[in-house]
Amino acid sequence: MYLVSVPMNELSASAQLFDRVRVVLCRPQIAGNVGAIARSMINFGPRELYLVRPKAPHLSHEARHRARAGEPILESAVKVQELPEALAGCVLAIGSTARERATDRANIRPRQAAEAAAEALGRGERVALVFGHETSGMSNLELDQCQIAATIPTCPDMPSLNLAMAATVMLYEVHQAVMDRIGGGAWPPVAREKKKADLPATLEQLEGMYGQMRECLWNGKFLNPQNPDITLRYLRRFFAHSGATDFEVRLWRAIWRRLNNTYLHPKSRRAGNDSQIPVAPRQDAAHH
């Protein structure tokens with residue numbers, strides 16, 4: 001066992017930040033992996049574990065044995081049926097994948113993903129680290145719900161990592177990115193981040209907008225009936241990279257709603273007064 005001494009003021013600062021990091025395991029099937037990840041979470045700070053349709057008995061003897069001091073994390077783990085439930089309240093989701101996908105989406109290295117996570121945490125946002133099934137990894141649909149796809153570089157002879165190993169690497173990188181900022185005096189973030197007039201959109205708000213967008217584009221006959229998800233994947237990526245705010249998402253939802261109504265009721269084209277159109281926030285509003 002290796003012990004590292006960390007100043008108490010740094011521990012206090014980091015604990016508040018890591019409380020906003022959520023680890024999400026999609027369809028885990030090996031109890032020992034879940035337990036080992038709980039152990040790594042104790043090592044690197046996060047305490048919030050979500051399990052999406054787990055097959056692994058996360059409270060079994062094997063899981064508890066691998067978790068050691070991380071047993072409380074197993075006992076408080078939240079089980080959900082779908083990934084959007086696990087991402088509720090988060091602003092940034094980082095998906096871990098061992099392979100390049102059929103799309104031209106570029107995967108980044110864990111260090112880059114960790115830097116993005118640290119920036120979001122410094123703004124007071126909640127971050128999710130998402131991992132897939134032990135054998136098949138994350139599905140394309142699951143990865144589509146993450147703004148960032150991270151791949152851990154490995155040797156070609158054995159490119160994939162054990163689930164617990166991959167989670168440990170990502171947790172370590174996020175921990176290092178946060179601690180480097182605290183130790184280097186670069187925390188809290190610069191004042192300009194606090195002057196933003198509007199809060200960032202959460203992933204659940206974005207998912208609600210994506211549902212409206214899909215319905216609108218389908219009714220407008222814009223999507224390819226054979227494979228509508230191709231176009232939607234590019235639009236998801238655009239909004240994920242835009243850093244959309246709460247107000248901007250509400251505005252887009254009003255636009256998609258109005259367009260969809262026009263497609264469904266083509267004779268009622270006059271806009272009139274719409275109380276559902278959001279009002280722009282004051283530019284001098286404080287960012288809470």
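Given the structure is predicted, the values throughout are model-derived calculations rather than measurements.

Peer 1: Describe the sheet that holds strand E3 (residues 78-80), with residues and values.
Peer 2: Pairing in this open sheet of six strands is parallel, and the strands run E3-E2-E1-E5-E4-E6 from one edge to the other. A strand with exactly one partner marks an edge of an open sheet, and here the two such strands are E3 and strand E6 (148-150). Sheet twist, expressed as the mean angle between neighbouring strand axes with direction ignored, is 25°. Bridge analysis of strand E1 (residues 21-26) against strand E5 (residues 127-131) gives five bridges, and the strand direction is parallel. Note on E5: the bridge partner recorded for Val24 is Val130.

Peer 1: Help me get a handle on the pattern of salt bridges, residues and values and all.
Peer 2: Inspection of the entire model under this criterion finds 14 salt bridges. Note that Asp246 and Arg250 form a salt bridge whose closest N and O atoms lie 2.9 Å from each other. Taken together, the residues Asp246 and Arg250, both in helix H11 (residues 246-264) and four residues apart, mark about one turn of the helix. According to the relative accessible area criterion, Asp246 is buried, its value standing at 17%. Assessed through its relative accessible area of 36%, Arg250 is described here as partly exposed.

Peer 1: How would you sum up the packing of aromatic side chains? Please name residues and give values.
Peer 2: Per the stated rule, a full pass over the model turns up five aromatic pairs. Measuring from ring centre to ring centre gives 5.3 Å for Phe239 and Trp252, while their planes differ by 85°; the resulting arrangement is edge-to-face. Highlighted residues: Phe239 in helix H10 (residues 229-242) and Trp252 in helix H11, separated in sequence by 13 residues. The class for Trp252 is partly exposed, based on a relative accessible area of 32%. Among the aromatic residues, those joined into a ring-pair cluster are Tyr210, Phe238, Phe239, Trp252 and Trp256. If you follow Arg22 out to its NZ or CZ, it ends over the ring of Tyr50, 4.4 Å from the centre.

Peer 1: Which residues make up the pairing of E1, and what values go with them?
Peer 2: In terms of residue burial, E1 counts as a mostly covered element, since six of its six residues are buried. A two-sided burial pattern is seen for E1, the buried positions comprising Val21, Val23 and Leu25 on one face and Arg22, Val24 and Cys26 on the other. Assessed by its sense of winding, the connection that carries the chain from E1 through helix H2 (residues 31-44) to strand E2 (residues 48-52) is right-handed.

Peer 1: Tell me about a nonpolar patch on the surface, and please be specific about residues and values.
Peer 2: Judged by side-chain polarity, Leu251, Trp252, Ile255, Leu259, Tyr263 and Leu264 come together as a nonpolar surface patch covering roughly 490 Å² of accessible area. By the secondary structure assignment, Leu259 is in helix H11.

Peer 1: If you had to explain the packing of H2 against helix H8 (residues 163-183) to someone new, which residues and values would you point to?
Peer 2: Their axes nearest at 9 Å, the elements H2 and H8 cross at an angle of 15°. Comparing the axis directions of H2 and H8 gives the class roughly parallel. Every pair of crossing elements has a handedness; the one defined by H2 and H8 is right-handed. Of the residues in H8, those in contact with Asn33, Ala36, Ile37, Ser40, Met41 and Phe44 of H2 are Leu163, Ala164, Ala167, Thr168, Leu171, Tyr172 and His175. Of the residues belonging to the contact of H2 with H8, the class tally is nine nonpolar, four polar and no charged.

Peer 1: Tell me about the environment of Gly220, residues and numbers included.
Peer 2: Mapped onto the fold, Gly220 is located in the loop between helix H9 (203-219) and H10. Sequence separation between Gly220 and Asn260 is 40 residues, and the spatial gap between their C-alpha atoms is 7.5 Å.

What counts and how
Residues numbered from 1 in each chain as written. Predicted model: local features only at pLDDT ≥ 70, side-chain atom pairs only at ≥ 80, totals over all residues. Heavy atoms only, no water. Pairing = 2+ DSSP bridges. Helix = DSSP H or I, 4+ residues; strand = E, 2+ residues; numbered from the N terminus. Axes fitted to C-alpha atoms, helices over the stretch in contact; angles between N-to-C directions. Salt bridge = Lys/Arg side-chain N within 4 Å of Asp/Glu carboxyl O. Buried < 20%, exposed > 50% of the residue type's maximum accessible area, 1.4 Å probe, protein only. Phe/Tyr/Trp six-rings, centres within 6.5 Å; stacked < 30°, edge-to-face > 60°. Lys NZ or Arg CZ within 6 Å of the ring centre and 35° of its normal. Right-handed = clockwise from strand over helix to strand, strands pointing away. Patch = residues over 30% accessible without salt bridge, like charges linked within 9 Å, V, L, I, M, F, W, Y side chains within 5 Å. Areas by Shrake-Rupley, 256 points an atom, 1.4 Å probe, with all protein chains shown as cover. Parallel < 35°, antiparallel > 145°, perpendicular 65-115°, else oblique. Left-handed = near helix turned anticlockwise from the far one by under 90°. Contact = heavy atoms within 4.5 Å. Nonpolar A, V, L, I, M, F, W, Y, C, P; charged D, E, K, R; others polar.

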